[in-house]
Protein chains: 2
Amino acid sequence: MLGLMQNQPLLISMLLDFAERHHGDAEIVSRRVEGDIHRYTYKDLAARAKQVANALDALGLQGGDRVASLAWNGYRHMELYFGVPGSGRVLHTLNPRLHPDQMVWIINHAEDKVVCFDMTFLPLVQATHAKCPTVKTWVALCDADKLPADSGIPGLQSYEAWIGAQKADYAWPQFDENTAAAMCYTSGTTGNPKGALYSHRSVVLHAYGGALPDAMGISARDAILPVVPMFHVNAWGLPYVAALTGAKVVYPGPAMDGKSIYELMEAEKVTFAAGVPTIWQMLLTHMQSNGLKFSSLNRTVIGGSACPPAMIDTFRDEFGVDVLHAWGMTETSPLGTVGTLKNKHLKLPKEQQLAIRLKQGRAVFGVDMKIVGDDGKDQPWDGKAYGDLLVRGPWIMDTYFKGQCPLIKDEQGRGWFPTGDVATIDADGFMQITDRSKDVIKSGGEWISSIDIENVAMAHPAVAMAACIGMPHPKWDERPIVAVVKKPGADVTREDLLKFYEGKIAKWQIPDDVVFVEAIPLGATGKMLKTKLREDLKGYKLPGL
Amino acid sequence: MLGLMQNQPLLISMLLDFAERHHGDAEIVSRRVEGDIHRYTYKDLAARAKQVANALDALGLQGGDRVASLAWNGYRHMELYFGVPGSGRVLHTLNPRLHPDQMVWIINHAEDKVVCFDMTFLPLVQATHAKCPTVKTWVALCDADKLPADSGIPGLQSYEAWIGAQKADYAWPQFDENTAAAMCYTSGTTGNPKGALYSHRSVVLHAYGGALPDAMGISARDAILPVVPMFHVNAWGLPYVAALTGAKVVYPGPAMDGKSIYELMEAEKVTFAAGVPTIWQMLLTHMQSNGLKFSSLNRTVIGGSACPPAMIDTFRDEFGVDVLHAWGMTETSPLGTVGTLKNKHLKLPKEQQLAIRLKQGRAVFGVDMKIVGDDGKDQPWDGKAYGDLLVRGPWIMDTYFKGQCPLIKDEQGRGWFPTGDVATIDADGFMQITDRSKDVIKSGGEWISSIDIENVAMAHPAVAMAACIGMPHPKWDERPIVAVVKKPGADVTREDLLKFYEGKIAKWQIPDDVVFVEAIPLGATGKMLKTKLREDLKGYKLPGL
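**Examining the overall build of chain A**
And then number 1: A tally of regular secondary structure across chain A gives 16 helices and 26 strands.
And then number 2: Here chain A has a C-alpha radius of gyration of 24 Å; the compact-globule value for 545 residues is 24 Å, and the two agree.
And then number 3: In terms of overall dimensions, chain A has a C-alpha envelope of 75 × 65 × 55 Å along the principal axes.
And then number 4: In chain A, which comprises 545 residues, the share counted as buried stands at 62%.
And then number 5: Sequence-distant contacts, at least 24 apart, represent 66% of the contacts inside chain A between residues at least 6 apart.
And then number 6: By element, 53% of the accessible surface of chain A is carried by carbon and sulfur atoms, the whole surface being about 20,200 Å².
And then number 7: Charged side chains in chain A number 56 positive and 61 negative. The centres of these two groups are separated by 1 Å.

If you want it as structure tokens, here you go:
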């Protein structure tokens, strides 16, 4: 028997309609690429998103066609966030930090029909457009008079002229909520990038989840600053969370330095900000050097990589800002876990609270997770045992665009996405990443975290960088060794370093060897390329073998 | 093109699984009908809900079969909230305050197969069970040794024996999220009661909406006390919101007096409570007479009827508790609007904030609303114009069980549910109920709120009760008159009272006549029965006609 409730699909246009109707005068403030501050309202956003929809109709784009953006965080980008999927097309956010060849590969793989780009990226587009045969329309996100006389890009038009020619009147179509809405490619360290294709349903449910008090806790009383780029997994869903709540939104544009961010926060009375630790470090440094305080910011969500404990303390003790760790990935929309405390934690001493805050957090409703061992069996949630982290839920990916379904079926036939992370989960459901699956060393049935090994080496005063990898061993399957780059002028011997490990980790976890190298190979995003390191060490044999 | 996200239905079992896995040790505390305090955890709840599911399987109940509850707020009732729909059946919450004949009518209309009742209601069941032929199984929510030797109810068994015989192991089935999950009948003042049939999808989406910071703002840091009965529209969804967030839940059982509620709040460190104004008045009176304060409560949601301004002030000024108005109905699951302030309101003086708080609030994302005039056209959102309030959204009803679809289609073909309320909406989206549609007086194309007319009369020192109704008028269609019950010993003339209106409302809104009556007819729930009043005044003619 079916329930007799209204059959209303969860569509991105429903988010925009809600914001327009119920929060029409709430503000969206952007620092533009041009440098000035632009401000308007959700009502204006809705009108211009409808112009975008009409402009796409005028191009003859079909439902499901991909429209790419190559842009900073700002109001025009937000218009694409709603106008493109609202009208049934798919917004493909391109990451301008990728190598141009990789970007071209992605545009061709996605078969983008339109690319809208900030003027910052004009040289990039000039260098690559000819290699993108599927793209019929290039749009520069600027006023008509900012367009260069001869860009060399056939038919290039300005966004303002393009949408300015259209009516601000548009009836958002109603369709299946499982329709594709947005896509984002992973920048994997191996192989070609892979595309995650979000649906309207997954975006709307993710926005509900993200706004919850146990996640980012966003309301109409907030002014939110997404420093996380809109080309990184939909800026963690914040533009959609904003529309769901009617929160004021403040976009930093390309100006990510400490001074610019601080001034924007103060001028617009930002209460909530989200970003990666490097940005916050620049901000804190600027504030500390100038004796500044926040007048409105009260919390920040940090993701992308782990936040140093000292930064969490500084934010709280010096600036009265609560720091929340969050974890997610392109394939998880991205919110998987957020480190909001439970009632039972509120009375713990500060040090114990910090230990919990340093973990990646607990699942947001909509996400379930588990850790499994080599045999695929569940590992206990005791904060010690670790295993491969698997997740499932309505905003977790099933299958890559034009690609494989990586899900692992459980006994009930339910698919779980293998995150590629190794983690522990404690009895309260707080997850902590301990390693990447491909980096963990499996020795005698036990797992050794390469990160743990690296952290100890990095604590030695003579070590500049350390990378731990597993080497084949006839008895133990694998044993860890650590490759070390010495600090300039410093010295340390193999024996010194191995001795340095004693008492810091269990005896059987101490690496079998230290290999001194000139450099550790790094990828484009600064991550260590352990596959390359393995190649460099081809022919290496463990001591005694 | 479809998005490639996991296809996971939104099911009530997903809420329970989440609470069990991620908040297994969070507490559920109940004052039992037996008078003592019972406490256990979500892990225990999940185990016993699975026993309920197995017990229903053992009875041979099919998917969609109705299982009724007749019970106070407590852990056993919560087990039914999850075990019944989780296993594919429909939980039908019966209102024990209805007239027994009406309850029998509802049980027969719903074709309930099982009825689970608190021992409080044993006499009611003894008096009615023989008239309920569809009910094959009667279950008393108690221990086996509490069952009377001869209840007169064939096959009556205790809940503890019934589920105690079952395993706590059960794989929740996966099915279409539009499957019926729960039902609740309206207690309409005219005609037979009508059943709203909620789906798993509507329940889960409503739980997301209810937990939002702009709605009830529930998190794992809360201890919530649903004083609103679990037989009133799923206790405003709070048992489901609780599972979604892992909040501690505290149930009052049948003990609703001020002392019992206060003691429970303090003992269990309740942070959030929800209920109707009458309960809170008893609580405040108890606290004021005994010089008591709250140590943990920080906010309360009040619905069901409007909260007197003085109560909002008292809660805030004397007790530091924030009061939120909410509006909804059986057909809206029930959350439609909540009166959380927007950022722009935070700096207003207290009096202006109070004026906003006195409204019914603004739409929770998932609900859209509009007000329309007699011509079906939208009325402006200026806080003055009023019209019939219509709502739509995925947790708003489409069609009554075995009944009609009352939706009104708009130009885009979208259905809107007519609430039967007349309301204004201001520019910030705050809705205020001004009357019931059937009570509003339509005079010369303008609408006059019967409630406004009654409020003025009630402010006169000699008036005990007042009811305003419209009377036919050849020129103006209708003109208002007010029926008045005088206070014992007090006196007032028709002319005095009509003069009393001057300057308080517009001249054309002043009633044409005052009729003094012995009593205003009231319905079972204490609401004025204006239809009956009209019958009583049959033959009445307006002055001058």
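**Notes on the pattern of salt bridges**
And then number 1: Scanning the model with the defined rule gives 81 salt bridges over all chains in all.
And then number 2: In this structure, R48 of chain A and E160 of chain A form a salt bridge, with 2.7 Å as the shortest nitrogen-oxygen distance. One end of the pair, R48 of chain A, is in helix α2 (residues 42-58); the other, E160 of chain A, is in helix α6 (residues 159-164), and 112 residues separate them in sequence. Residues R48 of chain A and E160 of chain A agree in their burial class; the two are buried.
And then number 3: Between E20 of chain B and K50 of chain B there is a salt bridge, with the nearest N and O atoms lying 3.6 Å from each other. Of the two residues, E20 of chain B is situated in helix α1 (residues 12-22) and K50 of chain B in helix α2 (residues 42-58); the sequence distance between them amounts to 30 residues.

**Re the relation of the copies chain A and chain B**
And then number 1: Overlaying chain A on chain B yields an RMSD of 0.2 Å, the required transformation being a rotation through 180° with an accompanying axial translation of 0.1 Å. Here the transformation between the copies is reduced to the relation of a two-fold axis. Identified as the residue of chain A closest to the rotation axis by C-alpha distance is L212 of chain A, at 2.6 Å.
And then number 2: Here 100% of the contact residues of chain A are again contact residues in chain B; the copies associate through an equivalent surface.

**As for the packing of helix α3 (residues 75-86) of chain B against helix α9 (residues 238-245) of chain B**
Residues and elements named next belong to chain B.
And then number 1: Closest axis-to-axis distance for the α3/α9 pair is 10 Å, and the angle between their directions is 80°. Regarding the angle of α3 to α9, the classification is roughly perpendicular. Side by side, α3 and α9 meet where M78, Y81, F82 and P85 of the first sit next to P239, Y240 and A243 of the second.
And then number 2: When the residues that make up the contact of α3 with α9 are grouped by side-chain class, the tally is seven nonpolar, no polar and no charged.

**A word on the domain arrangement of chain A**
Interface size is commonly expressed as the accessible surface area that is lost when the partners come together.
And then number 1: In terms of domains, chain A is made up of domain 1 (12-255) and domain 2 (441-536).
And then number 2: Domain 1 of chain A and domain 2 of chain A are separated by 42 Å when their C-alpha centres are compared.

**Looking at the pairing of strand β18 (residues 386-392) of chain B**
Taken residue by residue, a regular strand's side chains alternate between the two faces of the sheet.
Residues and elements named next belong to chain B.
And then number 1: The buried fraction of β18 is high, at seven of seven residues.
And then number 2: Both strand β17 (residues 368-372) and β18 contribute to a ladder of five bridges, which runs antiparallel. Counted as the bridge partner of V372 is D388 from β18.

**Digging into the interface of chain A and chain B**
And then number 1: Each side of the interface is counted separately: chain A has 82 residues, and chain B has 82 residues.
And then number 2: Three residues stand out in chain A for area buried against chain B, namely M1, Q6 and F365 of chain A, and they jointly supply 14% of the buried area on that side.
And then number 3: Across the pair D368 of chain A and R21 of chain B runs a salt bridge, and its minimum N-O distance is 2.8 Å.
And then number 4: Where chain A meets chain B, there are 48 residue pairs in polar contact (both at pLDDT 80 or more).

**What about the side chain of D426 of chain B?**
All names here are of chain B.
And then number 1: Residue placement: D426 occurs in the loop between β20 (415-425) and β21 (431-436).
And then number 2: Residue classification places D426 among the buried residues on the basis of a relative accessible area of 11%.
And then number 3: Reaching out from D426, the side chain makes a polar contact with the backbone nitrogen of D428 at a distance of 2.9 Å.
And then number 4: Of the polar contacts made by the side chain of D426, one reaches the backbone nitrogen of F430; its length is 2.9 Å.

**Some remarks on empty space enclosed by the protein**
And then number 1: Under the counting rule described, the total for this entry stands at seven cavities of 30 Å³ or more.
And then number 2: Empty space within the largest cavity amounts to approximately 160 Å³.
And then number 3: Lining the largest cavity are 14 residues, with D368 and R392 of chain A together with Q8, M14 and D17 of chain B sitting closest to its centre.
And then number 4: Broken down by element, the lining of the largest cavity gets its largest block of residues, four residues, from α1 of chain B.
And then number 5: Classifying every residue of the lining of the largest cavity by side-chain character gives six nonpolar, four polar and four charged.

**Focus on the sheet that holds strand β1 (residues 27-31) of chain A**
Residues and elements named next belong to chain A.
And then number 1: Strand order in the open sheet formed by nine strands is β2-β1-β11-β10-β12-β13-β14-β15-β16, with mixed pairing between adjacent strands. Strand pairing shows two members of the sheet lacking a second neighbour, β2 (37-41) and β16 (362-363), which therefore form its edges.
And then number 2: By the bridge criterion, five bridges tie β1 to β2 in an arrangement that is antiparallel. The partner of I28 across the bridge, within β2, is Y40.
And then number 3: Its contacts with the sheet place helix α9 (residues 238-245) against β10 (223-226), β11 (248-251) and β12 (272-275), and it is angled at close to 170° to β10.

**Brief notes about the environment of D388 of chain A**
All names here are of chain A.
And then number 1: With respect to the helices and strands, the residue D388 is situated in strand β18 (residues 386-392).
And then number 2: Judged by relative accessible area, which is 19%, D388 ranks as buried.
And then number 3: Along the sequence, D388 and H22 sit 366 residues apart, while their C-alpha atoms lie 44 Å from each other.
And then number 4: Ignoring anything within four residues of it in the chain, the contact list for D388 reads K370, I371, V372, D421, V422, S437 and W447.
And then number 5: Within polar-contact distance, the side chain of D388 engages the side chain of S437 at 2.8 Å.

**Quick notes on helix α14 (residues 450-458) of chain B**
All names here are of chain B.
And then number 1: All of the buried residues along α14 are S450, I453, E454, V456 and A457. The buried residues of α14 occupy an angular sector of 160° when the element is viewed end-on, so they sit on one face.
And then number 2: Sitting at the head of α14, S449 places a side-chain oxygen 3.2 Å from the backbone nitrogen of I451.

**Details of the packing of aromatic side chains**
And then number 1: The tally for this structure, following the rule as stated, stands at 27 aromatic pairs over all chains.
And then number 2: Consider the rings of Y81 of chain A and Y240 of chain A, whose centres lie 5.4 Å apart with planes at 35°: the pair is tilted. Of this pair, Y81 of chain A sits in helix α3 (residues 75-86) while Y240 of chain A sits in helix α9, and the two are 159 residues apart along the sequence. Per residue, the accessibility class of Y81 of chain A equals that of Y240 of chain A, and both read buried.
And then number 3: Taking 6.4 Å as the distance between ring centres and 85° as the angle between the ring planes, the aromatic pair formed by W280 of chain B and F315 of chain B counts as edge-to-face.

**Focus on the pairing of strand β13 (residues 299-302) of chain B**
Residues and elements named next belong to chain B.
And then number 1: Neither face of β13 is exposed, since R299 and V301 on one face and T300 and I302 on the opposite face are all buried.
And then number 2: Examined bridge by bridge, strand β12 (residues 272-275) and β13 share four bridges and lie parallel to one another. Along β13, the bridge assignment pairs F272 with R299.
And then number 3: Where β13 meets strand β14 (residues 322-328), four bridges bridge the pair, whose relative direction is parallel. In the strand pairing of β14, V301 is matched with L324.
And then number 4: As a crossover connection, the stretch from β13 through helix α12 (residues 309-319) into β14 is right-handed.

What counts, and where the lines are drawn
- Residues numbered from 1 in each chain as written.
- Chains lettered and ligands numbered in written order.
- Predicted model: local features only at pLDDT ≥ 70, side-chain atom pairs only at ≥ 80, totals over all residues.
- Heavy atoms only, no water.
- Helix = DSSP H or I, 4+ residues; strand = E, 2+ residues; numbered from the N terminus.
- Rg over C-alpha atoms; globule rule 2.2 N^0.38 Å.
- Buried < 20%, exposed > 50% of the residue type's maximum accessible area, 1.4 Å probe, protein only.
- Contact = heavy atoms within 4.5 Å.
- Areas by Shrake-Rupley, 256 points an atom, 1.4 Å probe, with all protein chains shown as cover.
- Lys, Arg positive; Asp, Glu negative; His and termini not counted.
- Charge placed at Lys NZ, Arg CZ, Asp CG, Glu CD.
- Salt bridge = Lys/Arg side-chain N within 4 Å of Asp/Glu carboxyl O.
- Least-squares fit on C-alpha atoms with pLDDT ≥ 70 in both.
- Axes fitted to C-alpha atoms, helices over the stretch in contact; angles between N-to-C directions.
- Parallel < 35°, antiparallel > 145°, perpendicular 65-115°, else oblique.
- Nonpolar A, V, L, I, M, F, W, Y, C, P; charged D, E, K, R; others polar.
- Domains from an automatic or database assignment.
- Pairing = 2+ DSSP bridges.
- Buried area = accessible area lost by both parts, 1.4 Å probe.
- Polar contact = N/O pair within 3.5 Å; in protein donor to acceptor, adjacent residues only side chain to side chain.
- 1 Å grid on protein atoms, 1.4 Å probe; cavity = no way out; pocket = protein on both sides within 12 Å on 5 of 7 lines; lining within 4 Å.
- Points joined across faces, edges and corners; volume = space filled by probe spheres on them.
- Arc of directions from axis to C-beta.
- Phe/Tyr/Trp six-rings, centres within 6.5 Å; stacked < 30°, edge-to-face > 60°.
- Right-handed = clockwise from strand over helix to strand, strands pointing away.

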